[in-house]
Amino acid sequence: MLESRNEIYQQKQTEIGVSIIGDVHTFQSQPSQISSNADLLNAYRGEQQKTKILGISEATFDNITRFAAEIAGTAILLFLGCGSCIKGLGQEPTNLMTNLSFGFAVTAIITMFGHISGAHLNPSVTILALVFRTISPVMAVFYVIAQVIGAIVGYGFIVAMTPTDVFGLQEGMCTTTVHETMNLGEAFLVEFLCTAILIFTVCGVWDPRTGKLQDSASIRVGLVVAVLSIVGGPYTGASMNPARSIAPAIYTGVFDDQWLYWVAPPLSAL
């Protein structure tokens, strides 16, 4: 507590307009100064708690922006990733093109929203954050809800702007399904391993020991998503993300093996 008080005094010296007591030892040796500075600290905290933005507390506003960032980020992921799957508009997308699009999209979104919500974009990553205790259980639930909403909105933009006859050319456009030659055990293993590699990557990015490498975090995660999509795509679609799988299924009605994408990736994250 003493250390945190000292830090606050040092950071807010010019704002509060008072002299700062030198170090932690000073607090311990002069009770009268402890009392006066404790009052100052409590008063400052009270002012911070009163701070409101648009009539709501700053903490609540921060949570709202995090929720909105997850919606926007996941919407952009589906819009850019699945948008690269469209056929019949003058180009025939290849699997490589689609897989790279998802990876590049992740890179862009982390740059946009990583500093706001962490840019999870994926319930599996949110589970990791919950295990790391960097997010509360309640906020984790809101993150997952935001991701599902965002995925539905992002895919919905593709549906809205694509001519009906063009959209109808691809059955189950951008849905993740298990290849017909595979059994469910093999498919489960693919999703589990791909998600594990993604989660290990995120762990590496979040590790405090890599703090000096954060400028490249978005690129690292994006490239890993791309290579996992290239390798796992032919097997199961390499979803690794329940929200990414549910949105196309809702619009196209293709729910084949949908449970797999809601079981294997979260278990792998744990």
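These numbers were taken from a predicted model, which means no experiment stands behind them.

A. Representation of a nonpolar patch on the surface. Judged by side-chain polarity, Val131, Phe132, Leu184, Trp259, Trp262, Val263, Leu267 and Leu270 come together as a nonpolar surface patch covering roughly 760 Å² of accessible area. Every element with two or more residues in the nonpolar patch is listed here: α6 (123-132) and α12 (258-269). The element that contributes the greatest number of residues to the nonpolar patch is α12, accounting for four residues. Relative to the elements of secondary structure, Trp262 occurs in helix α12.

B. Structural view of the state of the cysteines. Counted by the stated rule, this structure contains one disulfide. With its sulfur 2.1 Å from that of its partner, Cys82 forms a disulfide with Cys174. Looking down the S-S bond of the Cys82 and Cys174 bridge, the torsion is -75°, so its handedness is left-handed. Pair noted here: Cys82 is in helix α4 (residues 58-83) and Cys174 is in the loop between α8 (164-167) and α9 (184-206), with a separation of 92 residues, a long-range link. Neither Cys82 nor Cys174 differs from the other in exposure class; each is buried. In this structure Cys85 is not part of a disulfide, and its nearest cysteine sulfur, from Cys174, lies 3.8 Å away.

C. Spatial organisation of the UniProt feature "transmembrane region" (unreviewed entry) in the protein chain. On the UniProt side, "transmembrane region" (unreviewed entry) is annotated at positions that read residues 67-90, 96-116, 137-158, 187-206 and 218-235 here. Helix makes up 71% of residues 67-90 and strand 0%, whereas the separation of the span's terminal C-alpha atoms amounts to 37 Å.

D. Focus on helix α5 (residues 95-117). Thr111 marks where α5 bends most, by close to 45°. The inward-facing, buried residues of α5 abut α4, α7 (137-161), α10 (217-236) and α11 (242-252). Just downstream of α5 lies Gly118, where phi reads positive at about 90°.

Rules used throughout
- Residues numbered from 1 in each chain as written.
- Predicted model: local features only at pLDDT ≥ 70, side-chain atom pairs only at ≥ 80, totals over all residues.
- Heavy atoms only, no water.
- Patch = residues over 30% accessible without salt bridge, like charges linked within 9 Å, V, L, I, M, F, W, Y side chains within 5 Å.
- Areas by Shrake-Rupley, 256 points an atom, 1.4 Å probe, with all protein chains shown as cover.
- Salt bridge = Lys/Arg side-chain N within 4 Å of Asp/Glu carboxyl O.
- Helix = DSSP H or I, 4+ residues; strand = E, 2+ residues; numbered from the N terminus.
- Disulfide = S-S within 2.5 Å.
- Buried < 20%, exposed > 50% of the residue type's maximum accessible area, 1.4 Å probe, protein only.
- UniProt positions renumbered as here; feature names shortened; annotations may be inferred.
- Bend = angle between axes of the 7 residues up to and from the residue.
- Contact = heavy atoms within 4.5 Å.

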